[in-house]
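As a plain string of letters, each chain reads:
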Protein chains: 2
Amino acid sequence: MREYTFADIEIGLQESFSREITLEMENMFRQISGDENPLHLDDSFAYEISGGKYSSHVAFGMLTASLYSALAGMYLPGKYSLIHSLEKLSFQQPVFAGDTLTVEGKVVDKDESLRLLRIKAVIRNQNNKTVSNTMMKVMVMK
Amino acid sequence: MREYTFADIEIGLQESFSREITLEMENMFRQISGDENPLHLDDSFAYEISGGKYSSHVAFGMLTASLYSALAGMYLPGKYSLIHSLEKLSFQQPVFAGDTLTVEGKVVDKDESLRLLRIKAVIRNQNNKTVSNTMMKVMVMK
């Protein structure tokens, strides 16, 4: 876990990590959220409703977005992180169990008075396709 | 689970539900995200880093945001939902294990050509304090 303080951080600082999405993660997310939607469970429903575009059920977008929590809390800035907001969170490609996602974040702005970072973040799959992106505001508490 | 089609939905339609945040949910979210930040685990760290503001560890913001997945996937529109984006997601108050959160969503716009809804959504705690809010764009696939 990184332990960047606000003073340590320069605009342009980048961090990244990768994580595989598994059926077990999907099952846990279903329990947490209470979202039993068949798009995220039933392969044949996902195939039919997407007009054949999705060959199997799709991972919850908000599950993949949980990786932005890890980006801030573990990497950028790490230990002294408090997420303030996601200015915009956009889902662009479906994610399937077995995909390996790479999360990249880059500091694009520092607000000294509020101790806030703006972090441009993107998640790509193993084929280098962007599956989601966001702009996060993260407070650094030290 | 609601099964609203795009044609069924009128601007102003509202849905809501409530859910308690538990330590078990926090543990599962930690496994999913890989976010081991002590703010979400260690009561004394949370107390110290917040200058005494948080009396115990704080639930992950992105865990509470998983309830927006359930809002779209189960309630508004329910079965035929596909989340497109969260235009802005803002965390305003800490959430603690044992809190009961109420999620409310209201359709504020329909884009006929893209089959997209704009849904204004808010999560409040048991003391009626807003803990987060967002504006979601959700596609209705039928």
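Owing to the predicted nature of the structure, the values given are computational and were not obtained by experimental measurement.

Conventions and cut-offs
- In this numbering scheme, every chain counts its residues from 1 along its sequence in written order.
- The lettering of chains begins at A and the numbering of ligands begins at 1, in the order of writing.
- In keeping with the predicted nature of the model, local features appear solely for residues at pLDDT of at least 70, side-chain atom pairs appear and are counted solely at 80 or more, and the whole-chain, interface and lining totals rest on all residues.
- Based on all heavy atoms of the structure, the side-chain values leave hydrogens and waters out of the count.
- Two strands form a pair only when DSSP identifies at least two bridges running between them.
- Strands here are runs of E lasting at least two residues and helices are runs of H or I lasting at least four, both read from the DSSP assignment and numbered beginning at the N terminus.
- The axes used here are C-alpha line fits, helices contributing only the stretch in contact, and every angle between their N-to-C directions lies in the interval 0 to 180 degrees.
- We call two residues in contact whenever any of their non-hydrogen atoms come within 4.5 Å of each other.
- For this overlay, a least-squares fit was computed on C-alpha atoms, restricted to residues scoring pLDDT of at least 70 in both copies.
- Here a Phe, Tyr or Trp ring, Trp counted by its six-membered ring, pairs with any other such ring whose centre lies within 6.5 Å, and the pair is stacked when the planes are under 30 degrees apart, edge-to-face when over 60, and tilted otherwise.
- The buried label goes to any residue with under 20% of its type's maximum accessible area, the exposed label to any with over 50%, and the partly exposed label to all in between, with areas taken from a 1.4 Å probe on protein chains only.
- UniProt positions are given in the numbering used here, feature names are shortened, and annotations may be inferred rather than shown by experiment.
- Buried and open spaces are told apart on a 1 Å grid over the protein atoms alone, a cavity being a set of points where a 1.4 Å probe fits but cannot get out and a pocket being an open set with protein on both sides within 12 Å along at least five of seven lines. Residues with an atom within 4 Å of a point are the lining residues.
- Grid points are joined across faces, edges and corners, and a volume is the space filled by probe spheres set on the points.
- The nonpolar class holds Ala, Val, Leu, Ile, Met, Phe, Trp, Tyr, Cys and Pro. Asp, Glu, Lys and Arg form the charged class, and all remaining residues, Gly among them, are polar.

A. Just the sheet that holds strand β2 (residues 81–91) of chain B, in detail. Ordered in space as β1(A)-β3(A)-β4(A)-β5(A)-β2(A)-β2(B)-β5(B)-β4(B)-β3(B)-β1(B), the ten strands form an open sheet in which the pairing is antiparallel. The strands lining the two open edges of the sheet, one partner per strand, are β1 (14–20) of chain A together with β1 (14–20) of chain B. Averaged over all neighbouring strand pairs, the angle between strand axes comes to 25 degrees, with direction disregarded. Pairing analysis gives nine bridges linking strand β2 (residues 81–91) of chain A to strand β5 (residues 130–140) of chain A, with the strands arranged antiparallel. Directly across from I83 of chain A, in β5 of chain A, lies its bridge partner V138 of chain A. Docked against the sheet, helix α4 (residues 66–75) of chain B engages β1, β2, β3 (100–111), β4 (116–124) and β5 (130–140) of chain B, running at close to 135 degrees with respect to β1 of chain B.

B. Layout of the relation of the copies chain A and chain B. When chain A is fitted to chain B, the residual RMSD is 0.0 Å, and the transformation amounts to a turn of 180 degrees plus an axial shift of 0.0 Å. The symmetry that links the two subunits is that of a two-fold axis. Measuring from the rotation axis to each C-alpha of chain A, the shortest distance belongs to K88 of chain A, at 2.4 Å.

C. Structural detail: the packing of aromatic side chains. All names here are of chain A. Applying the stated rule across the entire model yields six aromatic pairs over all chains. With 6.3 Å between their ring centres and 70 degrees between their planes, Y54 and F96 make a pair best called edge-to-face. Placement of the pair is Y54 in the loop between α2 (43–49) and α3 (61–64) and F96 in the loop between β2 and β3 (100–111), with a sequence separation of 42 residues. When sorted by exposure, Y54 lands in the same class as F96, which is buried.

D. How the structure looks around the UniProt feature "domain: MaoC-like" (unreviewed entry) in chain A. If you check UniProt for "domain: MaoC-like" (unreviewed entry), the listed places come out as residues 18–113 of chain A in our numbering. Segment residues 18–113 of chain A splits into 33% helix and 27% strand. End C-alpha atoms: 33 Å apart.

E. Main features of unusual backbone geometry. Residues and elements named next belong to chain A. A cis geometry characterises the amide bond from L76 onward to P77, with omega recorded as 15 degrees. Mapped onto the secondary structure, P77 falls in the loop between α4 (66–75) and β2. Not every positive phi belongs to a glycine, and N128 is a case in point at roughly 70 degrees. Along the polypeptide, N128 turns up in the loop between β4 (116–124) and β5.

F. Up close: the layout of surface pockets. Reported here for the largest pocket is a volume of approximately 660 Å³. Lining the largest pocket we find 34 residues, and of these Y54, V58, Q93 and P94 of chain A together with L82 of chain B sit closest to its centre. For the lining of the largest pocket, the secondary structure elements donating two or more residues are α3 of chain A together with α4 and β2 of chain B. Residues of the lining of the largest pocket, tallied by class, amount to 16 nonpolar, 14 polar and four charged. Counting only elements with at least two residues in the lining of the second largest pocket, the list comes to α4 and β2 of chain A together with α3 (61–64) and β5 of chain B. Examining the composition of the lining of the second largest pocket, we find that four residues originate from one element, β2 of chain A, more than from any other. A per-class count over the lining of the second largest pocket returns 14 nonpolar, eleven polar and two charged.

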